[in-house]
Amino acid sequence: MNPVFCDSDALMLKECSPPVMQTDVTWHPTAFRSHTLGQIQHDGSELVGSEVTICGFMEANRGKGKICFMDIRDGTGRLQVFLKEGNVSDEELQNAQNLSRESTVQVIGEVAEKRPPKVAEGEPTPPPSYEVVAKSFNILAKANTPLPLGVTDTVSIGLDTRLDNRFLDLRRAHVDAMFTLRSRVLQYGREYLISEGFKEINSPKIIASASEGGTNLFPMMYFDTPAFLSQSPQLYKQLTVLGGMERVFEIGPAFRAEKHDTYRHLNEFISFDIEAAWMNDDDVMGVQERMIHHIWQSIADNDMDHIATINEYRESQGDDHITVDVPSLPFPRISYCEAIKMVQDAGENIEWGDDIESSHCDIIAEKYPGFHFIPRWPMEMKPFYIHHVKGENGATGQQLSRGFDLNYGRDEMTSGGQREHNVEILEDNLRSKGLDPAGFTFYTDGFRYGAPPHAGWGLGVARLLMVLTGARNVRETVLFPRDRQRVTP
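Bear in mind the structure is a predicted one, so any value in this text is a computation, not a measurement.

About the cut-offs
Residues numbered from 1 in each chain as written. Predicted model: local features only at pLDDT ≥ 70, side-chain atom pairs only at ≥ 80, totals over all residues. Heavy atoms only, no water. Helix = DSSP H or I, 4+ residues; strand = E, 2+ residues; numbered from the N terminus. Buried < 20%, exposed > 50% of the residue type's maximum accessible area, 1.4 Å probe, protein only. Contact = heavy atoms within 4.5 Å. Phe/Tyr/Trp six-rings, centres within 6.5 Å; stacked < 30°, edge-to-face > 60°. Patch = residues over 30% accessible without salt bridge, like charges linked within 9 Å, V, L, I, M, F, W, Y side chains within 5 Å. Areas by Shrake-Rupley, 256 points an atom, 1.4 Å probe, with all protein chains shown as cover. Salt bridge = Lys/Arg side-chain N within 4 Å of Asp/Glu carboxyl O. Pairing = 2+ DSSP bridges. Axes fitted to C-alpha atoms, helices over the stretch in contact; angles between N-to-C directions. Left-handed = near helix turned anticlockwise from the far one by under 90°. Nonpolar A, V, L, I, M, F, W, Y, C, P; charged D, E, K, R; others polar. Core = buried A, V, L, I, M, F, W, Y, C linked by side-chain atoms within 4.5 Å.

J.: How should I be thinking about the environment of Ala277 in this particular structure?
T.: As for its position among the elements, Ala277 is in strand β13 (residues 268-277). On the basis of relative accessibility, which here comes to 6%, the residue Ala277 falls in the buried class. Spatially, the C-alpha atom of Ala277 lies 14 Å from that of His387, the residues being 110 residues apart in sequence. The residues touching Ala277, leaving out its near neighbours within four places in the chain, are Val241, Glu246, Pro452, Pro453 and His454.

Quick look at the structure:
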């Protein structure tokens, strides 16, 4: 049987229900379905007795002989379909009973209220639920057997197997919830930055020279010209601010050829990046903590059903539940000098000017387990474009910068700071990093005609998701991650 199309030629629009609002989304009829499963779950009382056309993945089928109960799923919910001899053809009934899990189907039928389950005396009656009594059943695409991984099973599956078969992994409820939350984080972060007057931009990802210095670059040929994949939108968002746009942000990819192989490093990642004129490092730390607070509050207000889905899976695996604890403002600020002293006081061998490693962050996190800033790093440890203020010196008399990190517990989330806006100092900084200012004239020329003081930061989306969802590996929060071993799918 061919699929039914819900258009003016095959099924008059008046026979399709009008668009229905569900969780602030308007679902219009499409060529293949008149309603989503979520619509029927949500508005079933109004649809009882109505004919609908639905589609989905077949999760399970039960019954032989004259009946078949089928559970199907689409991106909005799950629903039971009841097929009965006499209502559908013998061929359709047999096809339904023999169908492999995860095959896609289309059903035309009537919405009915399911018989309520028996409850013990004194127990509350559950809310009504609904099903579709099939009049027509069509297989759109059969799934091969066996499946590379179980979709509805609760057994633990290795991460490599999941990533190799991400198209199936995404059908699992808790994985779907993860990426729905990722979408929400992007949405809430974007809306907050816009509310503070930031304008969204897009910077090039093919560049002629390093954005931040160093050798962690992916080389490529741009026609006959050597080029690189961008490490960061850093230099371009600064040039945009110099052009007078004042406050800009980008949500986009960056590429770093770092040979890390850890739970929190990838070679391609998406980040929130902002830049703002007439701001210093303290000002943009305020923007960041307010944005994160808004994201967490919005999740707590609107998306706890997705957190519950993840928790249901975590419980099946013996893991603790995650909670969405909206962080208090302002976030703690522990200067680099204070952080070094905390680590030294704990008996660790660390000197001023050393990097603060993850093991050192564990010590700081004992007192500051949530989000906290570490500002005022030594200038020699920060990129050439970071600003410094004369007279701000550390324990050894070395120059302090206006650069900062944001950590959550032991993990770094952000680097940022106030930028140097004096072109002579910028060129000196480039030379001190072993870079030739002549290769950066596209950038430094923008500072020769009046440059406002400005500041900004970059915040990795995947690491933010790790905090929100309790994921143990950044690859869980990225659809198709790219690391040293993985370039497909």
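J.: Whenever I open this one, the packing of aromatic side chains confuses me. Can you help?
T.: Here a ring pair, both rings aromatic, is described through the centre-centre distance and the interplanar angle of the planes. With the rule as written, the count across this model stands at 14 aromatic pairs. Ring centres of Tyr336 and Trp377 lie 5.0 Å apart, and the angle between their planes is 45°; on these two criteria the pair is classed as tilted. Of this pair, Tyr336 sits in helix α9 (residues 336-345) while Trp377 sits in the loop between β14 (371-375) and β15 (388-393); the two residues are 41 residues apart in sequence, bridging distant segments of the chain. For the pair formed by Tyr336 and Trp377, the shared burial category is buried. Here the aromatic rings of Phe384 and Tyr443 are separated by 5.9 Å at their centres, their planes lie at 90°, and the arrangement is edge-to-face. On the criterion of sequence distance, the pair formed by Phe384 in the loop between β14 and β15 and Tyr443 in helix α12 (residues 441-444) is long-range, its members being 59 residues apart.

J.: Teacher, can you tell me more about a nonpolar patch on the surface here?
T.: Taken together, the side chains of Ile206, Tyr222 and Phe223 define a hydrophobic patch exposed on the protein surface, amounting to about 360 Å² of accessible area. With respect to the helices and strands, the residue Ile206 is situated in strand β9 (residues 206-207).

J.: Sorry if this is basic, but what is going on with the sheet that holds β9 here?
T.: Backbone hydrogen bonds are what pair the strands of a sheet, in a parallel or an antiparallel way. With respect to topology, three strands assemble into an open sheet ordered β9-β11-β10, the strand pairing being antiparallel. Edge positions in the open sheet fall to β9 and β10 (219-222), since each of these has one partner strand only. Where β10 and strand β11 (residues 225-229) come together, four bridges link them in antiparallel fashion. Note that in β11 the partner of Met221 across the bridge is Pro226.

J.: Please explain the pattern of salt bridges as it appears in this structure.
T.: A side chain of one charge can pair with a side chain of the opposite charge if their charged atoms are brought near each other. This model, assessed by the stated rule, comprises 32 salt bridges. One salt bridge connects Asp319 with Arg472, and the closest N-O pair in it is separated by 3.0 Å. Of the two residues, Asp319 is situated in the loop between α8 (304-316) and α9 and Arg472 in the segment after α13 (461-469); the sequence distance between them amounts to 153 residues. For Asp319, a relative accessible area of 22% corresponds to the partly exposed category. Given the relative accessible area of 56%, Arg472 is considered exposed. Look at the salt bridges and you will find they share partners, linking Glu59, Arg73, Arg78, Glu102 and Arg171 into a network.

J.: Whenever I open this one, the environment of Val326 confuses me. Can you help?
T.: Looking at the element boundaries, Val326 is found in the loop between α8 and α9. Classification of Val326 by relative accessible area gives partly exposed; the value is 28%. It is 8.6 Å that separates the C-alpha atoms of Val326 and His294, two residues lying 32 residues apart in sequence. When neighbours within four sequence positions are excluded, Val326 is seen to be in contact with His293, Trp296, Gln297 and Ala300.

J.: Teacher, can you tell me more about the packing of helix α5 (residues 173-195) against α8 here?
T.: Any two packed helices are characterised by how steeply their axes cross, that is the angle between the axes, and by the distance between the axes. α8 packs onto α5 with a crossing angle of 145° between their chain directions and a minimal axis gap of 8 Å. Judged by the sense of rotation from one axis to the other, the crossing of α5 with α8 is left-handed. In this structure, α5 contributes Ala173, His174, Ala177, Met178, Thr180, Leu181 and Arg184 to the contact, and α8 contributes His306, Ile307, Thr309, Ile310 and Tyr313. Looking at the contact of α5 with α8 residue by residue, the class counts come to seven nonpolar, four polar and one charged.

J.: Could you clarify how one ought to interpret the nonpolar core in this entry?
T.: Soluble globular proteins: nonpolar side chains tend toward being buried together. Grouped together as the largest cluster of nonpolar side chains are 48 residues, with contacts concentrated most on Phe272, Trp296, Trp457 and Leu464. Met58, Val105, Val111 and Val132 belong to the second largest nonpolar core, which has 23 residues in total.

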